[in-house]
Amino acid sequence: MNLLLIQPPALKPSEPPLGLAILLGHLRRQGVVADAIDANLDACLYLLDDQRLASVLGPTPTTALHRARRHAPRALAALRGTTATGTPDRYESAVRDLNRLLGCWGEEGELLTLGDYRHGNLSPFKPDDLQRLAHGEATTLFASYFRDQLLPRVAALAPRCIALSINYLHQALPAFELAGLLRRQFPHVQLVAGGGLITSWQGVLQDRPPFPFDQLIFGPGEAPLAALAGSPGASDELNFDPDFSFAHLNDYLSPAPVLPLSASRGCYWQRCLFCPEAATPVHPYAAVPRAGLPGLLRSLAENYGVKHLHLTDNAIPMNALRALSSAKEQLSGLHWYGFVRFEAALLDRSFVQDLADSGCSLLQLGLESGSQAVLDRLGKGIDLNTAARILENLHAAGIATYVYIMLGTPGETEADAVLTRDFLQQHAPHIDYLNLAIMNLPRASELLDAPARHGIVGAELCAADSPLSLYRRFQPSGAWNRASARRFLDRELLGTPAIRAIVKRTPPLFTSSHAFFFPPPTRI
Ligand code: SF4
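Read on for a plain summary of the structure. Being a predicted model, the structure only gives us computed values, none of them experimental.

The next point concerns the overall build of the protein. The number of helices and strands found in the protein is 21 helices and 18 strands. Compactness check: the protein gives a C-alpha radius of gyration of 23 Å against a globular reference of 24 Å for 524 residues, within 12% of the reference. With the C-alpha coordinates aligned to their principal axes, the bounding extent of the protein is approximately 60 × 55 × 50 Å. Nonlocal contacts in the protein, meaning residues at least 24 apart in sequence, comprise 76% of its contacts between residues at least 6 apart.

Okay, here's the thing in structure tokens:
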């Protein structure tokens, strides 16, 4: 085999990784003999295996762990079916049981859940910690999975080149441990890494030796990987047509199999001052030609026997939404969801109804604030009156709304936070799910270009000894800071019954991946 793509843990195991499928599709079309392994799902199932749990728990587990182990098959079945959707208690207990069991594996503050992974002694922001893992001087709870299951599988495939796809922080520590193991067991194999996280670290990593990797790929991986695999036809063209033949779709923890795809890469707006996509885009913006999108959804559904699709765009472009809305017959029987901006076109009720009729079940919308002044300062391009009417339109058409709020942005005051609370309270009947967060300031945020204008007195990397940190601490010019925003969120937002009710019904950990399958609560 020329090239093997691997998705290292740890991520939510709810759908197969799009990045791997996009690269695999491209490589195979270039004539490269390639395959892919979702080591994230594999590792999760390995760690939840009953016999392995028995040996980790020992002969006298606590009552809670004993019960969780007994319930594990039922919990897995509940998250892979629809018995728990719309039944919050059953759903939460399935998630809790599996998290308890995954939590048995860690040592020294190391903790794995279905949506998170952290290590008490090692930081993904410290190159020295990544190197300790790569050299085998430290380990993670994934070590036995890597050693006993993944490495023998890699050996059997005998690839000439292995590429790790590292997109999220939770992958960094296990990925470097895995890379070290691969380096030592297969010293002559070409070992490379790429993905969103590696690209975000380009400024720091490009001047360092790439060990344990032979090469790091920054930005889109199609052309560099095809070239590495010796494809004579390697081109810079981006691929949007994924190949999921490597994925065992029924094993993912999803009420029904879901396939991810994207109508675009990058973001067509790129103007939100707090957003890394605006300051340092991982991908230059590119989109699927409008006419081809409905056919892509239909062919994925037919080729893999699925009915549910996830558009993973940062913001689905309007052209793509128009293409989907005008392909109702072609998309009949399919369901899809994704992120959109509060675009004025969504004020058109018949357009929104067409979207619903084309299978749109849920839309994620980044509102961030209920204060017009904050939105204007952040460059969101959102008018609050328009946003309110769009939420109403989507609700009327039967499309569930998943709204994202971010408190603690630079320049925000308590009065702005009160406006956010009032907006959410007033429009709660049209908001189905809610994500409430406190802002992290990206290290390259455009807000730092003119800090004083944006209410920032000073900013520093989150820790001086963490050069890979993605965020900066900042000192706001006023008295309102992250701690005040956190208190307001806990007391005022969650203290408002209508808002608390929305947060309570929002699926924990799997969030939008499972909310997609929940019956829209405001319409029960
Ligand atoms: S917040 Fe969303 S819409 Fe704004 S620039 Fe970032 S990705 Fe684009």
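On we go from here.
So, on to the site of the ligand. Close to the ligand lie C267, W269, Q270, R271, C272, F274, C275, E277, N314 and R341. Looking at side-chain class alone, the shell around the ligand contains five nonpolar, two polar and three charged residues.

Let's shift gears to the sheet that holds strand 7 (residues 215-216). The strand order across the open sheet built from five strands is 2-1-5-6-7, with neighbouring strands paired in parallel fashion. What marks the edges here is a single partner per strand, and that holds for strand 2 (34-38) and strand 7. Pairing of strand 6 (residues 190-194) with strand 7, which is carried by two bridges, proceeds in the parallel orientation. Bridging from a neighbouring strand, V192 pairs with Q215 of strand 7. Lying over the sheet, helix 1 (residues 18-29) contacts strand 1 (3-7), strand 2 and strand 5 (161-165), oriented at roughly 170° with respect to strand 2.

Next up on the list: the sheet that holds strand 14 (residues 400-407). Strands sit in the order 8-11-12-13-14-15 across an open sheet of six strands; the sheet is parallel. The open sheet has two edge strands, strand 8 (258-261) and strand 15 (433-438), and neither has a second partner. Across this sheet, the average inter-strand angle for adjacent strands is 15°, counted without regard to direction. In this fold helix 13 (residues 293-304) packs onto strand 8, strand 11 (308-311) and strand 12 (335-340), with an angle of close to 145° to the strand it touches most, strand 8. Against the sheet, helix 17 (residues 384-397) engages strand 13 (360-368) and strand 14, with an angle of about 160° to strand 13.

Turning our eyes to something else, we now look at the pairing of strand 8. On strand 8, burial covers both faces: V258 and P260 on one face and L259 and L261 on the other are all buried. Relative to strand 11, strand 8 is paired through four bridges, and the arrangement is parallel. Looking across to strand 11, one finds that L261 is bridged to L311.

Bringing the environment of T113 into the picture now. Relative to the helices and strands, T113 resides in the loop between strand 3 (111-112) and strand 4 (117-118). Assessed through its relative accessible area of 18%, T113 is described here as buried. Along the sequence, T113 and C44 sit 69 residues apart, while their C-alpha atoms lie 9.3 Å from each other. Non-local contacts of T113, meaning those with residues more than four positions away in its chain, are made with N99, L102 and L509.

Parameters at a glance
Residues numbered from 1 in each chain as written. Predicted model: local features only at pLDDT ≥ 70, side-chain atom pairs only at ≥ 80, totals over all residues. Heavy atoms only, no water. Helix = DSSP H or I, 4+ residues; strand = E, 2+ residues; numbered from the N terminus. Rg over C-alpha atoms; globule rule 2.2 N^0.38 Å. Contact = heavy atoms within 4.5 Å. Near = heavy atom within 4 Å. Nonpolar A, V, L, I, M, F, W, Y, C, P; charged D, E, K, R; others polar. Pairing = 2+ DSSP bridges. Axes fitted to C-alpha atoms, helices over the stretch in contact; angles between N-to-C directions. Buried < 20%, exposed > 50% of the residue type's maximum accessible area, 1.4 Å probe, protein only.

Note that every value here comes from positions in space, so none of it alone points to a role or purpose.
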